[in-house]
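Descriptive analysis of the structure
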Amino acid sequence: MFENIYAKPDTFTFLNLTHTFKSTIDWNYNKYGKLWTYNLNYFEFLNQKHMTKNAGLSLIHMFIRDITKIKDGLEPFPTSLRGINWIKFLARYKIDDQTINNSLYNQYHHLLNNIEYHLLGNHLLENGFSLLFGAYFFQDERFYRKAKLILKNELDEQILYDGAHFELSPMYHQLMLFRVLDCINLIDNNPWKRDSLGELLKEKASAMLGWLNKMTFENGNIPLFNDSAFKIAPDTKKLNEYAKRLNIRPRHIKLSDSGYRKIKFDRYEMAIDVGNIGPDYIPGHAHSDTFNFELYVDKKPCIVDTGISTYEVDNRRLLERSTVSHNTIEIENYDQSEVWGGFRVANRAYITYLKENSNKIEAIHNGYKKKFGVLHKRIFTFHQKRILITDKIISNRAFHAIARLHFHPDTTIMKEGNHIVSENLTIYIKNADFKIETYLYAPEFNTLIEATVVEIPFKNHLEVEILL
């Protein structure tokens, strides 16, 4: 993960949680969950601004000394990230330490024999990125052949035509783009290999940057769709600056197969999800959020995705992935897509109809068909100062449904008759009543902020009109 703080040799902050080790670093420390343990073992802190050469070397040698006792940190994913971060640190200070080199080489051999084909997705890509770094560092042909095979196959598989990473998390998209740019940087500045891999990486980086620029709000935020949080990946501005230094220009592609759309008028921007939840064989970072949206007004977040605060397999994780936590509709208290087990999805919603033009998006999903025999149709209609959202449950009998609008903590709303009033917009609820409740907004890991949510019970048909 990108956002971490190493304050002094015994104190670490990851995911907004700080721990001070009293005598020696416990690389297996798990009181804050596995993701925190992973972050400790990534060694991302080696490349932060205030890390000194001596402090970094001391930490690496501590790890090597304790390596036979380490558990989670020797799994392929943290091994992949640690390899990249060690190599960046060693290269920056021109360090040639045989003890470190021997350990790093052995770790790469272990990675080579434990590629995460069982997990696929961003895990497999990280294995490939790291093996490329290992190949260049050691000039090892076996590492290079495996890295090239993984990256060619997986970048073609995982980067969609419109440039999106196929797990459909804007946060992971930023992380994967950062790695692609790192690999371009590596190849361009080291003459060891010159073949088609560099051009493939540049082509993918251009497409990914184009998608990211289209999906990023004017204030620099990404939509928190699926598993996304702030302060984990390099932001869009930093990625554009990095790409520019590498002479990578964003490709201009119309948003298409990612299923995400972005609408912009003078005063508002809306990011919309009218796609499937992600690849069927790897939906671990997907949410039950079909037809979800985020609305920014005057460059500020107004109606938002509720975000994620944890990867722990618990009730909070289940809630944050469920339909109730998104700006869409829930029918008879059931999820559109059956999320479970922290990173699993069973029965899932698919888009069965999509029609769009310059000021209207109309779509249908079948997430409730198996359970209730119904379809959900949502129509977004856009004007300069007006947005109309129409929901229809396509059925011969009436169903109880709830539409929700989650407001950003900085947005204060009041109920006035049949409409909602805030500082910069008015929302009219047609043919339904509503109530204002509270929820916990999670913009970052381990961060929960109380905010308001409007719940709108209705039967089969609803119109919500937003006036700006």
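Below: a short report on this structure. (Residues numbered from 1 in each chain as written. Predicted model: local features only at pLDDT ≥ 70, side-chain atom pairs only at ≥ 80, totals over all residues. Heavy atoms only, no water.)

1. Brief notes about the sheet that holds strand β11 (residues 351-357)
Note the following rule: By this definition, two strands are paired if DSSP reports at least two bridges between them. Each helix is a run of DSSP H or I of at least 4 residues and each strand a run of E of at least 2, with the numbering of both proceeding from the N terminus. Throughout, an axis means a line fitted to C-alpha atoms (over the contacting stretch in the case of helices), and angles, computed between N-to-C directions, take values from 0 to 180 degrees.
In spatial order, the strands read β11-β12-β13-β14-β21-β18-β17-β16; together these 8 strands make up an open sheet with antiparallel pairing. Strands with a single pairing partner mark the edges of an open sheet, and in this sheet they are β11 and β16 (414-416). Put simply, the sheet's adjacent strands are angled 15 degrees from each other on average, direction ignored. Taken together, the 9 bridges between strand β13 (residues 375-383) and strand β14 (residues 386-394) define a ladder with antiparallel strand orientation. Pairing of His376 across the sheet is with Ile393, part of β14.

2. Looking at the pairing of strand β20 (residues 449-459)
For a regular strand, the rule is simple: side chains alternate between the two faces of the sheet. Direction of pairing for strand β15 (residues 400-406) relative to β20: antiparallel, over a ladder of 7 bridges. By the bridge assignment, His406 is partnered in β20 with Val453. Both strand β19 (residues 435-441) and β20 contribute to a ladder of 7 bridges, which runs antiparallel. Within the sheet, the bridge partner assigned to Tyr439 lies in β20 and is Ala451.

3. Description of the environment of Asn226
Threshold: Think of it in three bands: residues with accessible area under 20% of the maximum for their type are buried, residues over 50% are exposed, and the middle band is partly exposed, with areas taken using a 1.4 Å probe on protein chains only. By definition in these notes, contact holds between two residues if any of their heavy atoms fall within 4.5 Å.
Within the element layout of this structure, Asn226 appears in the loop between α8 (196-215) and α9 (236-245). With a relative accessible area of 1%, Asn226 lands in the buried category. In this structure the C-alpha to C-alpha distance between Asn226 and Phe434, which are 208 residues apart in sequence, comes to 26 Å. Those residues in contact with Asn226, other than ones at most four positions away along the chain, are Glu167, Leu168, Ser169, Tyr260, Ile277, His285, Ala286, His287, Asp289 and Ile308.

4. Here we look at the nonpolar core
A general tendency of soluble globular proteins is for nonpolar side chains to be buried together. Put simply, the test is: Each nonpolar core is a collection of buried residues, namely Ala, Val, Leu, Ile, Met, Phe, Trp, Tyr and Cys, held together in the definition by side-chain atoms within 4.5 Å.
Formed by 99 residues in total, the largest nonpolar core has its most connected members in Phe12, Phe43, Trp86, Leu131, Leu132 and Leu181. Looking at which element gives the most residues to this core, the answer is helix α7 (residues 170-188), with 12 residues. Beyond its immediate stretch of four places on either side in the chain, Trp86 contacts Phe43, Leu46, Ile60, Phe63, Ile64, Ile100, Ser103, Leu104 and Gln107. If you look at the next biggest cluster of nonpolar residues, it comprises 42 residues, including Ile263, Val374, Leu462 and Val464.

5. Things to note about the sheet that holds β20
Strands sit in the order β8-β15-β20-β19 across an open sheet of 4 strands; the sheet is antiparallel. The open sheet has two edge strands, β8 (329-331) and β19, and neither has a second partner. When strand polarity is set aside, the average angle formed by the axes of neighbouring strands in this sheet is 35 degrees.

6. A look at the pairing of strand β7 (residues 300-303)
In the sheet, strand β6 (residues 293-297) pairs with β7 via 3 bridges, with the strands oriented antiparallel. Bridged to Leu295 within β7 is Ile303.

7. Side note on the pattern of salt bridges
Condition: Each salt bridge in this description consists of a side-chain nitrogen of Lys or Arg and a carboxyl oxygen of Asp or Glu lying within 4 Å of one another.
A complete count under the given rule lists 27 salt bridges for this structure. The residue Glu218 makes a salt bridge to Lys299 at a minimum N-O spacing of 3.8 Å. Here Glu218 is found in the loop between α8 and α9, whereas its partner Lys299 is found in the loop between β6 and β7, with 81 residues between them in sequence. Here Glu218 falls in the partly exposed class, since its relative accessible area comes to 42%.

8. Details of the packing of α8 against α9
Put simply, the rule is: By the definition adopted for this analysis, an angle is roughly parallel if under 35 degrees, roughly antiparallel if over 145, roughly perpendicular if from 65 to 115, and oblique otherwise. Note on convention: the crossing is left-handed when the near helix lies turned anticlockwise from the far helix by less than a right angle, right-handed when the turn is clockwise. The classification used treats Ala, Val, Leu, Ile, Met, Phe, Trp, Tyr, Cys and Pro as nonpolar, Asp, Glu, Lys and Arg as charged, and all other residues, Gly among them, as polar.
Taken N-terminus to C-terminus, the directions of α8 and α9 make an angle of 150 degrees; their axes are 11 Å apart at the nearest point. Between α8 and α9, the interaxial angle falls into the category roughly antiparallel. Note on packing geometry: the crossing formed by α8 with α9 is left-handed. The segment α8 lies against α9, with Leu209, Leu212 and Asn213 engaging Thr236, Leu239, Asn240 and Ala243. Grouping the amino acids of the contact of α8 with α9 by side-chain chemistry returns 4 nonpolar, 3 polar and no charged.

9. Notes on the packing of aromatic side chains
The test is simple: Stacked, tilted and edge-to-face pairs are distinguished by plane angle, under 30 degrees for stacked and over 60 for edge-to-face with tilted covering the rest, among Phe, Tyr and Trp rings (Trp via its six-membered ring) whose centres lie within 6.5 Å. When the NZ atom of lysine or the CZ atom of arginine is within 6 Å of a ring's centre and also within 35 degrees of its normal, the charge is said to sit over that ring.
Applying the stated rule across the entire model yields 39 aromatic pairs. With 5.0 Å between their ring centres and 40 degrees between their planes, Phe43 and Phe45 make a pair best called tilted. Accessibility expressed as a relative area gives 0% for Phe45, which makes it buried. Plain terms: the ring middles of Tyr136 and Trp192 are 5.2 Å apart, the flat faces sit at 80 degrees to each other, and that makes the pair edge-to-face. Residue Tyr136 is found in helix α5 (residues 121-138), and its partner Trp192 is found in the loop between α7 and α8; the two are separated by 56 residues along the sequence. Trp192 sits in the partly exposed class, given a relative accessible area of 22%. Through pairs of rings, three or more aromatic residues link up here, namely Phe12, Phe14, Phe21, Trp27, Tyr29, Tyr32, Trp36, Phe43, Phe45, Phe63 and Trp86. Its guanidinium or amino end placed over the ring of Phe434, Lys415 lies 4.6 Å from that ring's centre, counting from NZ or CZ.

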